[in-house]
Amino acid sequence: MEEARFTKRFEGEARIGKVLKNIASITLKPEDFSSPIALQMAISRIYESMIKMMESGGPKPRYVAEVRIVDDMGNTSVLAVDLGEEIPPFSKEKIKARVTVELYEED
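In this report, we go over the structure that sits alongside the text.

What counts as what
- Residues numbered from 1 in each chain as written.
- Predicted model: local features only at pLDDT ≥ 70, side-chain atom pairs only at ≥ 80, totals over all residues.
- Heavy atoms only, no water.
- Salt bridge = Lys/Arg side-chain N within 4 Å of Asp/Glu carboxyl O.
- Helix = DSSP H or I, 4+ residues; strand = E, 2+ residues; numbered from the N terminus.
- Buried < 20%, exposed > 50% of the residue type's maximum accessible area, 1.4 Å probe, protein only.
- Patch = residues over 30% accessible without salt bridge, like charges linked within 9 Å, V, L, I, M, F, W, Y side chains within 5 Å.
- Areas by Shrake-Rupley, 256 points an atom, 1.4 Å probe, with all protein chains shown as cover.
- Contact = heavy atoms within 4.5 Å.

Here we look at the pattern of salt bridges
When the charged atoms of two side chains lie near each other, side chains of opposite charge can form a pair.
Here is step 1 of the chain: What the rule picks out here adds up to 8 salt bridges.
Here is step 2 of the chain: Glu11 is paired through a salt bridge with Arg98; the nearest N and O atoms lie 2.8 Å apart. Within this pair, whereas Glu11 is found in strand S1 (residues 5–20), its partner Arg98 is found in strand S4 (residues 94–104), the two being separated by 87 residues in sequence.
Here is step 3 of the chain: Note on Glu11: relative accessible area 53%, which makes it exposed.
Here is step 4 of the chain: Residue class for Arg98 comes out exposed when judged on its relative accessible area of 56%.

In structure tokens, the structure reads:
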């Protein structure tokens, strides 16, 4: 029996940049801005994460691509692609991106 599959490609753009790997775990969520107390708790969480990062040898730089595509419903989706510690071989900061989505069932 043939397995059911559907594949769709999306064209978009990517922006190449450098991030500090350990800082990637530090995030702010919309609910962190819901009240002054929630914001203070978020700042405390970020501060604790930064202290732990510094104790473990400091931040490690990595290159990432911020990929933006528009889905079939017109929504912009953003995802990150880790390109490693070396400078990527692109000559520009903004490049084209292609995202392939494959839908399938597993038994």
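More follows now that the structure is in view.
Here's the deal with a nonpolar patch on the surface
Here is step 1 of the chain: Judged by side-chain polarity, Leu28, Phe33, Leu39 and Ile43 come together as a nonpolar surface patch covering roughly 390 Å² of accessible area.
Here is step 2 of the chain: Within the element layout of this structure, Ile43 appears in helix H1 (residues 36–55).
Here is step 3 of the chain: Taking the relative accessible area as the measure of exposure, Ile43 reaches 51% and is therefore exposed.

Brief notes about the environment of Glu105
Here is step 1 of the chain: Residue position: Glu105 is located in the segment after S4.
Here is step 2 of the chain: Spatially, the C-alpha atom of Glu105 lies 35 Å from that of Pro88, the residues being 17 residues apart in sequence.
Here is step 3 of the chain: What Glu105 contacts, discounting residues up to four positions off in sequence, is Glu3 and Ala4.

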